[in-house]
Amino acid sequence: MEKGKTPAREDAVQREYARLRDLFAGAEESKLALFDGHIWENARIRVELDDLSRIAAASGLVKVSAKNPLNQKETAVSKMLTKLRASYNNSSRLLSRELLGAEPEEEDDLEEFE
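Residues numbered from 1 in each chain as written. Predicted model: local features only at pLDDT ≥ 70, side-chain atom pairs only at ≥ 80, totals over all residues. Heavy atoms only, no water.

Engineer: Any chance you could explain the overall build of the protein chain here in plain terms?
Structural biologist: Looking only at helices and strands, the protein chain has 4 helices and 2 strands in total. Listing each helix as α and each strand as β along the protein chain from the N terminus yields α-α-α-β-β-α. Burial statistics for the protein chain: of 114 residues in total, 24% are counted as buried. Long-range pairs, those at least 24 residues apart, make up 57% of the contacts in the protein chain between residues at least 6 apart in sequence. A total accessible area of about 8500 Å² is found for the protein chain, and carbon and sulfur atoms account for 52% of it. (Helix = DSSP H or I, 4+ residues; strand = E, 2+ residues; numbered from the N terminus. Buried < 20%, exposed > 50% of the residue type's maximum accessible area, 1.4 Å probe, protein only. Contact = heavy atoms within 4.5 Å. Areas by Shrake-Rupley, 256 points an atom, 1.4 Å probe, with all protein chains shown as cover.)

So, in structure tokens, the structure goes:
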């Protein structure tokens, strides 16, 4: 078994993969086959985000010096959460666009002034 992988984590990834496959059940089989690796990666990222969120809840995202509260340091889990959230959002957007035909909504910043 690879380092850092546990049966519980693998089970969680399997469940997330199955959930995603159910969400994309209406997609063409050829597209599902083509994007299967992306679906697996999205499932792994989601499980990792859940794990990191639990760690962040217990440890916090920023360490504050007891001697000088202005002295603060972002934790490693905070940095990883930021990176993984971006990857998860991009991956989810790609899967939605390619498998469901969902077009990204473009926001018109000037719309409120019209």
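Engineer: Can you walk me through the environment of Glu16 in this structure?
Structural biologist: By the element assignment, Glu16 lies in helix H1 (residues 7-23). Each C-alpha atom of the pair Glu16 and Ala43 lies 5.2 Å from the other, and the pair is 27 residues apart in sequence. Residues contacting Glu16, with those up to four places away along its chain left out, are Ala43, Arg46, Val47 and Tyr88. Side-chain polar atoms of Glu16 contact the side chain of Arg19, separated by 2.7 Å. (Polar contact = N/O pair within 3.5 Å; in protein donor to acceptor, adjacent residues only side chain to side chain.)

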